[in-house]
Protein chains: 2
Amino acid sequence: MRIPILKLHKYLLISIQTEIDDQTAIQFQEDLLAKIHKTGATGVVIDLTSVDIIDSFIAKVLGDVVSMSDLMGARVVLTGIQPAVAMTLIDLGIHLQNVPTALDLEQGLVKLHQELGG
Amino acid sequence: MRIPILKLHKYLLISIQTEIDDQTAIQFQEDLLAKIHKTGATGVVIDLTSVDIIDSFIAKVLGDVVSMSDLMGARVVLTGIQPAVAMTLIDLGIHLQNVPTALDLEQGLVKLHQELGG
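Rules used throughout
- Residues numbered from 1 in each chain as written.
- Chains lettered and ligands numbered in written order.
- Predicted model: local features only at pLDDT ≥ 70, side-chain atom pairs only at ≥ 80, totals over all residues.
- Heavy atoms only, no water.
- Helix = DSSP H or I, 4+ residues; strand = E, 2+ residues; numbered from the N terminus.
- Buried < 20%, exposed > 50% of the residue type's maximum accessible area, 1.4 Å probe, protein only.
- Contact = heavy atoms within 4.5 Å.
- Buried area = accessible area lost by both parts, 1.4 Å probe.
- Salt bridge = Lys/Arg side-chain N within 4 Å of Asp/Glu carboxyl O.
- Least-squares fit on C-alpha atoms with pLDDT ≥ 70 in both.
- Pairing = 2+ DSSP bridges.
- Axes fitted to C-alpha atoms, helices over the stretch in contact; angles between N-to-C directions.

(A) The arrangement of the overall build of chain A in detail. What chain A contains, in helices and strands, is four helices and five strands. Going residue by residue from the N terminus, the α and β elements of chain A occur as β-β-α-β-α-β-α-β-α. Structurally, chain A occupies a C-alpha span of about 35 × 25 × 25 Å along its principal axes. Counting over 118 residues, chain A shows a buried share of 49%.

(B) Summary view of the interface of chain A and chain B. Across the contact, 18 residues belong to chain A and 18 residues belong to chain B. Across the chain A/chain B interface, buried area totals approximately 1700 Å², and carbon plus sulfur atoms make up 73% of it. On the chain A side of the interface with chain B, the three residues burying the most area are A:Met1, A:Leu6 and A:Glu106, jointly 37% of the side's total. Our count for the chain A to chain B interface comes out at two salt bridges.

(C) A look at the relation of the copies chain A and chain B. In the superposition of chain A on chain B (RMSD 0.0 Å, axial shift 0.0 Å), the rotation amounts to 180°. Here the symmetry operator amounts to a two-fold rotation axis. Closest approach to the rotation axis within chain A is made by the C-alpha atom of A:Met1, at a distance of 3.4 Å.

(D) Molecular detail of the pattern of salt bridges. Taken as a whole and judged by the stated rule, the model has ten salt bridges over all chains. Residue B:Asp31 pairs with B:Arg2 through a salt bridge whose shortest N-O separation is 3.7 Å. Here B:Asp31 is found in helix H1 (residues 22-39), whereas its partner B:Arg2 is found in the segment before strand E1 (6-8), with 29 residues between them in sequence. What makes B:Arg2 partly exposed here is its relative accessible area of 37%. Ionic contacts of the salt-bridge type, sharing partners, join the residues A:Asp70, A:Arg75 and A:Glu115 into one network.

(E) Structural view of the sheet that holds strand E3 (residues 43-50) of chain B. All names here are of chain B. Ordered by their spatial adjacency, five strands build an open sheet running E1-E2-E3-E4-E5, and the pairing between neighbours is mixed. Two strands lie at the open edges of the sheet, namely E1 and strand E5 (101-102), each paired on one side alone. With five bridges joining them, E3 and strand E4 (residues 75-79) adopt parallel strand pairing. Across the sheet, residue Asp47 finds its bridge partner in E4, namely Thr79. Against the sheet, helix H2 (residues 56-71) contacts E3 and E4, and its axis sits at roughly 150° relative to E4.

(F) Layout of the environment of A:Leu96. All names here are of chain A. Summarising the element assignment, Leu96 is placed in the loop between helix H3 (83-91) and strand E5 (101-102). Residue classification places Leu96 among the buried positions, given a relative accessible area of 19%. Between the C-alpha atoms of Leu96 and Ser67, which are 29 residues apart in sequence, the distance is 8.9 Å. Beyond its immediate stretch of four places on either side in the chain, Leu96 contacts Gly63, Leu78 and Leu89.

Shown next as structure tokens:
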């Protein structure tokens, strides 16, 4: 199954669930970049509230997708990162520097609005 | 995989993808009702833009979930219903009367706001 990407005004909203496999992650990466291209979205919120644990492959894909989206002109905000996920990301050397984060979807949208000078 | 349910302020947002099987649909029904209960959401937007075809079981679950959410006090708006899906729903006798519909997520949120007297 593909990860749904919701478009709300100029933003794309995604909620990632725990049980994603490598294939789904790669598909998500492709889908998100295609959707940014198609919609001209300027911002993306990826919500990780439901993600309890993260493995190295998914973490890598996540880091990549943030950089790729940035290259395409869409700012990414990560929301709802849980303690175990934060620890895994840092342990794996994925620092996601310059990536804005927020507590939840609402805060993420506010942050995106600020980042984009709205 | 579970269908992600995003919470945005008092509303829940869901985007359904084509390839959902019966088990996923049932799980979604349970998840949505649990989330309405937990968050006290007053409105739900279910976006069907990515759904090309719908079978009788999924259509039935969809009709049920609208009625159940209503019973729990959350108004449901369906968005992005494609022609083939509309035809299937009516053919199956699922008229979804009194269920507000809209073109896309943005319009759905506006409709929800109107419905709830906002």
